[in-house]
Amino acid sequence: MTEQRLRIGFVPIARPTFDLGLARDLTAQLHEALAGYALQGSTELVMDGAAVQSRISELADSQLDMLLLLQASFADSTMALELARAIDVPLLLWALPEAQVGGRLRINSFCGVNLAAHGLRRAGIAYETILAAPEDTDAHAKLYDFARAAMVKRRLQGARIGRLGENPAGFDTCLVNRVGLRSRLGIEAPQYALSPFFQQAREAHTGRIDALAASLSERLADFDAQDADETRGTLGVYLALDELVNDEGLDGVAVRCWPEFFTDLGCSACGAMSLLSDALTPTSCEADVNGTITQLILQWLSGEPAFGSDIVAFDLDADAATLWHCGLAPLSMADPTVPPSATIHSNRAKPLLMQFPLKPGRVTIARLSEASGDFRLVIGRGEMLRAPMAFGGTSGRIRFDSGASVVMDKLLGEGLEHHLSLTYGEHAQSLEMLARMLGMDVLRL
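Residues numbered from 1 in each chain as written. Predicted model: local features only at pLDDT ≥ 70, side-chain atom pairs only at ≥ 80, totals over all residues. Heavy atoms only, no water.

So, on to the nonpolar core. In terms of nonpolar packing, the biggest core is built from 66 residues, with L235, V237, L241, F261, L358, I365 and L422 touching the most fellow members. With 8 residues, the single largest contributor to this core is helix α9 (residues 228-248). Leave out the neighbours within four places in its chain, and I365 touches L323, V378, I379, G380, I398, F400, L420, S421, L422 and L445. Counting 59 residues, the second largest nonpolar core, distinct from the first, contains I8, A14, I187 and A254. (Core = buried A, V, L, I, M, F, W, Y, C linked by side-chain atoms within 4.5 Å. Buried < 20%, exposed > 50% of the residue type's maximum accessible area, 1.4 Å probe, protein only. Helix = DSSP H or I, 4+ residues; strand = E, 2+ residues; numbered from the N terminus. Contact = heavy atoms within 4.5 Å.)

Right under this line is the structure:
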């Protein structure tokens, strides 16, 4: 996002035999239109090999999110290929339209981009393209989506998702592919045992638990009606998770939430995971690392928390589906017209869970999936409807843009994982661009 000062390497290329005055004017216009980004690179036209090397040296240590090559005039593909090979970040080519009024072809930008695209394609270098005037709003929307996707790709390199315990038997949807995650995304998934974590949760600081309980008592109806010792157990889990994240430099956590939290620790993990996700450290239950990665991607795109849920029902007559989980959705997703409450787990009868319907609004659905045997990015869009609680815990009624029956058939026909993640807002285009950057297929729900 521009407010996060996305870092863009800016390189305008040209050839001296074209109208350099017009090329410079258009370059300056686009550079000015990009003032909301952290631009690296001047408006000086790059027209030969020496200038290319100078610009590469200038940008080499800039920690760019993306590279924007502006075809300020015609040029062959030599400079574009040299820049793309030297600066290994997602690449966007911008071509400029030209008035067709007779007389000289002044910049011939599109033909230059055509040559660059062909050379890049033959070299196996991915890119996206824009053909637009410097002030075109649709073009800037595409650039914004591309820059956000590029930022996510950069941040995934070196991300760490802690896996606390193993996935339950029969939950192959939550298996972890550490080799694939490391080689394809640059993500590490360190493993942690439950028993020492439980001891850490039991030893959580009493004063911090007291302060957290006092805060939640004001935010959650029925909080004080829950078993105090068991509720404090969940708050100890939150503090222990937060400490684990900080001590180990984790970007998210995937937790084996049952049965041991109930049987060994005597409380639920759900409320703790809700609080952690709401504080922008995404969490998934059932040790679902790919679910947490999906939430992390959505969180980075939206700047808001993400929620991993099950789809538990379809109402084909009403063209709607129900998303649900026990009670781990971030509190910031609560419908503001329905005060959230504290509750117990529906099957295990232990606190602390968050209970509320999800707020209405546009949502983006996603899943880093391995159902096909390789990584794919599953992407969907829809409208979260204002609706009463479907079941205890956290639930939401969604109307998918593609229709409930289409989504149901794809979920079952493709054998997708039972966890899907969501965040509020429109982020599907950035997700599709990210998938192309990562060399992944896309499955659209």
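Before going further, it helps to spend a moment on the sheet that holds strand β2 (residues 38-40). Taken in spatial order, the 5 strands make up an open sheet running β2-β1-β3-β4-β5, and their pairing is parallel. Taken across any chain shown, the strands that pair with only one partner, and hence form the sheet edges, are β2 and β5 (128-131). Put simply, the sheet's adjacent strands are angled 25 degrees from each other on average, direction ignored. The sheet strands contacting helix α3 (residues 78-86) are β1 (7-13), β3 (66-71) and β4 (91-95), and the helix crosses β1 at an angle near 160 degrees. (Pairing = 2+ DSSP bridges. Axes fitted to C-alpha atoms, helices over the stretch in contact; angles between N-to-C directions.)

As a further point, take the pairing of strand β15 (residues 376-385). Of all 10 residues in β15, 8 are buried, a share of seventy percent or more. Direction of pairing for strand β14 (residues 361-369) relative to β15: antiparallel, over a ladder of 9 bridges. Each bridged residue has a counterpart across the sheet, and for L368 the counterpart in β15 is L377. Linking β14 to β15, which pair antiparallel, is a turn of 6 residues; within it G373 sits at a positive phi near 100 degrees. Pairing of β15 with strand β18 (residues 441-444) involves 4 bridges; the strand directions are parallel. In the sheet register, V378 faces β18, and the bridge partner there is L443. As judged from the 4 bridges shared by β15 and strand β16 (residues 394-400), these two strands associate in the antiparallel manner. Each residue of the ladder has a partner; that of M384, found in β16, is I398.

Evaluated as defined, the whole model comprises 25 salt bridges. Between E58 and R55 there is a salt bridge, and its shortest N-O distance comes to 3.3 Å. With a gap of 3 residues between them, E58 and R55 both fall in helix α2 (residues 49-59), about one helical turn apart. Take E58: its relative accessible area is 41%, and that puts it in the partly exposed class. Across the salt bridge formed by E426 and R381, the nearest N and O atoms sit 3.1 Å from each other. Taken as a pair, E426 in the loop between β17 (419-424) and α14 (428-437) and R381 in strand β15 lie far apart in primary sequence, 45 residues in all. (Salt bridge = Lys/Arg side-chain N within 4 Å of Asp/Glu carboxyl O.)

Of note, the amide linkage connecting W258 to P259 takes the cis form, showing an omega dihedral of -5 degrees. With respect to the helices, strands and loops of the structure, P259 is situated in the loop between β8 (252-255) and α10 (260-265). Cis geometry is found at the peptide bond from P351 to L352, where omega equals 5 degrees. Summarising the element assignment, L352 is placed in the loop between β12 (341-343) and β13 (353-357). Positive phi values are uncommon outside glycine, yet D222 reaches one of about 70 degrees. The topology assignment puts D222 in the loop between α8 (206-219) and α9. Residue D222 is classed as partly exposed on the basis of its relative accessible area of 49%.

The description of two aromatic rings rests on the distance between their centres and on the angle between their planes. Evaluated as defined, the whole model comprises 5 aromatic pairs. Their ring planes at 40 degrees and their centres at 5.6 Å tell us that F18 and F74 sit as a pair that is tilted. Of this pair, F18 sits in the loop between β1 and α1 (20-33) while F74 is found in the loop between β3 and α3, placing the two residues 56 residues apart along the sequence. Residue F74 is classed as buried on the basis of its relative accessible area, which comes to 13%. A network of ring pairs unites the aromatic residues F197, F198 and F261 as a single cluster. (Phe/Tyr/Trp six-rings, centres within 6.5 Å; stacked < 30°, edge-to-face > 60°.)

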